[in-house]
Amino acid sequence: MIALLLILVPLVSGLVTFCIKREEQVRTWSLLSAIITFIIAILGVAVYSTPDSWTFKAQWMGLLNSSFSLGGDGMGIMLCMLTALSYPVIFLSTWTTAYKKINNFFGLMLLAQAGMMGVFLAMDALLFYFFWELALIPVYFICSQWGGEKRIAVTFKFFIYTFIGSLLMLVGILYISSKTAGNSFDITAFYNTGLAPKEQGWLFWLFFVAFAVKMPVFPFHTWQPDTYQQAPIAGTMVLSALMVKMGVMGLLRWLLPVLPVASYSWGDTVSTMAVTGIVYASLIALRQNDMKRLVAYSSIAHIGLMCLAVFAEDKSALQGTLIQMFSHGINILGMWMIVAVIERKFGTTKMSDLGGIAQKAPALAFFFVIIAFANIALPLTNAFIGEFMMFNGILSSGVTQYGIPLMATAGLGIILGAVYTLNMGRRVFFGNTNALTEKGTDITFHEKAVLAIIVGAILIIGVYPQPLLHSFDQISQSILKHSDVLYLLKKH
Amino acid sequence: MNAVIISGLLGVVMMFTSFLSKTKAPVRVLAIAGAILLLIANVLESKGVHFFSINTSGFMAFNSYSLFFNSIAIFATLVFFLISSKDMQKVGDHYAEYFALLFFILSGIFLVTSFTSLLILFIGIEIISIPLYILTGSAKKDLKSNEAALKYFLMGSFSTGIMLMGIALIYGATGTFDIEKMNLAQLMKSHLLTAGMLMLLFSMCFKVSIAPFHFWTPDVYDGAPNVFTSFMATIVKVGIFIGFIHLFYTAFNQLTLQWKVWMAVLAALTLFIGNITAVFQQSVKRMLAYSSISQAGFMLFALVAMNETSYEGLLIYSLAYCLATIGVFGVVSKMTDYSFDGFNGLAKHHPLVALCVTIYMLSLAGIPMTAGFLAKFYMLKAVIQSGGYLWLVIFGVLMAAVSAYYYFRVIQAMYFKDGPDNFTGISSFEKGVLIAICILVVLIGLFPNIVFSYLYF
């Protein structure tokens, strides 16, 4: 029931939002809906912690052997929680941003939320595909209508990239379903297909491309920096904090367990792509002058590391990935908030035009420093736990022989990450003020409050990650069990 | 049989109404009432109520499949009447005659969907084609329309000749016109039969504009008055497709197995040419013409797959494609500027109409939650189930992504660009029909069961 509510509340309230006329009402209504969703998610985690309360199954497309089947495992619940938490933060942090046709904007945002919740909870492949697209379409409209100057072309590129990816995935889904008993789309049926290694080999790419575009993994990332730069900041937040996780989750739930042999045999190829992406994106980030593009490229590097860890197929690496999915969502949300505040205050995100903001806005600088530390995974911040476990897992991974070179190259990403993040801090916040930043003021109370939530989450998870890690125990075990290649190879 | 005879009679009745009524409104009302009557008669027939007891054995067989498709065709025609019948006034003075011709075409379609004798197929195709030639040239003072009609007529007659030749050769090889009695298994290697089948295939491909027999399509669709293009591109096309699959599924099933690869090549070629050319169009109307070619490529998947799923899938495809395309044309024909730029800012001036067009476009592009997705899904599933031809499936989805490019161009124009109002307005009734189509498109996309369990399964 919880699962159903998490989808229904934003869906219905999103549809209602389209009909509301007055601006104030639209904002209040959307925020209320986001908060209710958040409360439902908390209740789901706290009060009803048995997995059964997250399951829901109903007849849907009987003709196609597909059912409306939802379920929550550690990963799904965590991602729903992240989505539910992010939305109020996003709405609050963009509270004063003016939008044309505001009802459409918030309506689409809520529809996207419903779509993402569905993606995280779907336990039926066709339903998963439905929600996958439901999440994409509103974001396409959000970015194209409310974005920057080059928004139409840029968003269109993003749309076509992801659409090609998802269509290929659809072919894969159809193929696997035709191999299951009774042409089912159920996730357990998918897990038990036992496809021949040769079939898995090419099916792997049908799925991987869809997920890789969404994440994005090098070389499928070319849409990302432009889109992040052009999209309205709320859209960018949704894209980078949440939609990216759809790709990582896809790998963990739909790729590794369904096509274990192929994941094993293509693992090194994909890992190489991921590592290339890490170094490549970090190097480009170093040279950026625009804060938005810098954050966008840094995100490619972070996601690359997650991809690398996923294909290490090691318990520590998987738990690291899961916790990093949550942490990255929070950190990047904070990063975008700071960028948004700066853009609103000074009308630019070009680092060369800024400087010395810390003198005028000490609170903003304070929050920035903590979020930046989290971004470079300093101890006591949330990202440290994730990255440490991921690196640990990659090193001790049993499925790749290249653990050390992969780790060493990926490690460059951390060093470069520190360089560009601190460099951004130095150029934007420290040094002398100029004519533009001279007139800057500090952030308002409610901005402080929202940033405090983010920083609080960063520190709490950084200091005491145990409960979160504990909740990932079962799911990472189960992913590893389904994708235990050595066992499967013996069976074949 | 109900539908064939009643639609023929309705055609005759409509011819006379132009003498009896000076104004146009009664004609329109009569036509719409006729379509409703036809729908009721056909649904009753599928429930076992026959108004006429005519022995058609050896010529036609009405099974639940063909009856269900006929219902779809009549329903689509009804929607077409509701949304476009006023626009037919703009074409010329012979308002009632247009309806008469449309009813004749419908009765031709019923013949084509239910034939068992090749002769009936031929007659049906001709009953469809000749009124179409006339309708294409119905804007008599428009040179483009005249040219289109002439082109269509010449090419059409040529293909009819080929079809007749093919039927003659098949008759020579098998000694019968009855597709159920042909014993093809023994004749597999007969050159006469092969030649005959090829000719039949080519002419059918021409009628549904499969590449490389599609050259007439853009010119004819562009030249013909908008309202009739809408009818031609949807109801007529899918009607002949049903005949097409019926022919190959029943008569040439074993032969087709060997030919499958060629069917697949034709499908791929059609998708490629239709989609790539559509990308470069500047006029929405021409884009729709090429997109209809590409949609035919997807429908051809049914002939590649040749299984239950494809047989049923074609019904869903027909319904989804007809609804969305009729809706789009209903809007396009009320525009003063057919180019993509003509759609600029439509969302600002007419938000509801723009929303409807968006949903149609999403459906045509095959986005989930619309009927169009389900249609494409069925076709892909059918081919995958038949085993093999994965290259075609992957090629198909890549082409679907290309099609998203031009369908979304319309959405972009409507929502993200500004421009003057080129929409000539729409009555609130027509607006209601547009919205009803939208609801239907989404409803079928979300719950296909509610439609299909009531009607067919």
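Here the structure is a predicted model, which means the values were calculated and not measured.

Cut-offs and rules
Residues numbered from 1 in each chain as written. Chains lettered and ligands numbered in written order. Predicted model: local features only at pLDDT ≥ 70, side-chain atom pairs only at ≥ 80, totals over all residues. Heavy atoms only, no water. Salt bridge = Lys/Arg side-chain N within 4 Å of Asp/Glu carboxyl O. Helix = DSSP H or I, 4+ residues; strand = E, 2+ residues; numbered from the N terminus. Domains from an automatic or database assignment. Contact = heavy atoms within 4.5 Å. Buried area = accessible area lost by both parts, 1.4 Å probe. Polar contact = N/O pair within 3.5 Å; in protein donor to acceptor, adjacent residues only side chain to side chain. Nonpolar A, V, L, I, M, F, W, Y, C, P; charged D, E, K, R; others polar. Expected span 1.5 Å × (residues − 1). Axes fitted to C-alpha atoms, helices over the stretch in contact; angles between N-to-C directions. Parallel < 35°, antiparallel > 145°, perpendicular 65-115°, else oblique. Left-handed = near helix turned anticlockwise from the far one by under 90°.

**Re the pattern of salt bridges**
Evaluated as defined, the whole model comprises 19 salt bridges over all chains. Across the pair E343(A) and K292(A) runs a salt bridge whose closest N-O atoms are separated by 3.6 Å. Remark: K292(A) occurs in helix α12 (residues 291-310) and E343(A) occurs in helix α13 (residues 315-346); sequence separation between them is 51 residues. Between K144(B) and D222(B) there is a salt bridge, and its shortest N-O distance comes to 3.3 Å. In this pair, K144(B) sits in helix α7 (residues 143-174) while D222(B) sits in helix α10 (residues 216-223), placing the two residues 78 residues apart along the sequence. Overlapping salt bridges bring together K144(B), E147(B), K151(B), D219(B), D222(B) and R286(B) as one network.

**What about the domain arrangement of chain A?**
Residues and elements named next belong to chain A. Once the domains are mapped, chain A shows domain 1 (1-265) and domain 2 (282-492). One C-alpha centre belongs to domain 1, the other to domain 2; they are set 21 Å apart. Opposite the 50 residues of domain 1 that make contact, domain 2 presents 41 residues. Summed over both partners, the interface of domain 1 with domain 2 buries about 4100 Å², with 79% contributed by carbon and sulfur atoms. On the surface where domain 1 and domain 2 come into contact, there are one salt bridge. Scanning the region where domain 1 abuts domain 2 turns up eight residue pairs in polar contact (both at pLDDT 80 or more). Breaking the side of domain 1 that touches domain 2 down by element, the ones donating at least two residues are α3 (74-93), α8 (197-214), α9 (224-230), α10 (233-255) and α11 (260-286). Looking at which element gives the most residues to the side of domain 1 that touches domain 2, the answer is α10, with 12 residues.

**Quick word on the interface of chain B and chain A**
Taken together, the contact between chain B and chain A spans 35 residues of the former and 33 residues of the latter. For the pair chain B and chain A, the summed buried area comes to about 3300 Å², and 81% of that belongs to carbon and sulfur atoms. Sorting the residues of chain B by area buried against chain A places F377(B), I384(B) and F416(B) first, and these three jointly supply 19% of that buried surface. Counting across the interface, chain B meets chain A through zero salt bridges. The tally of links from chain B across to chain A stands at one residue pair in polar contact (both at pLDDT 80 or more). Looking at the side of chain B that touches chain A, the elements with two or more residues in it are α16 (351-365), α17 (371-386), α18 (390-416), α19 (428-446) and α20 (448-455) of chain B. At 14 residues, the largest contribution of residues to the side of chain B that touches chain A is made by α18(B). Along the lines of polarity and charge, the residues of the side of chain B that touches chain A split into 28 nonpolar, five polar and two charged.

**Concerning α12(A)**
Residue pairs spaced three or four apart in an α-helix point in one direction, given the helix's 3.6 residues per turn. In this model, α12(A) (20 residues) spans 29 Å end to end at C-alpha, consistent with the 28 Å of a helix rising 1.5 Å per residue. A side-chain oxygen of the first residue of α12(A) lies 2.8 Å from the backbone nitrogen of K292(A); this N-cap is D290(A).

**Re the packing of helix α2 (residues 23-46) of chain A against helix α4 (residues 102-121) of chain A**
Residue and element names in this part refer to chain A. Relative to each other, α2 and α4 sit at 15 degrees, their axes nearing to 9 Å. In terms of orientation, α2 and α4 fall into the roughly parallel class. As for the relative orientation of α2 and α4, their crossing is left-handed in sense. Packed against α2, whose contacting residues are E23, V26, R27, S30, S33 and T37, the element α4 presents I102, N103, F106, L110, Q113 and M117 at the interface.

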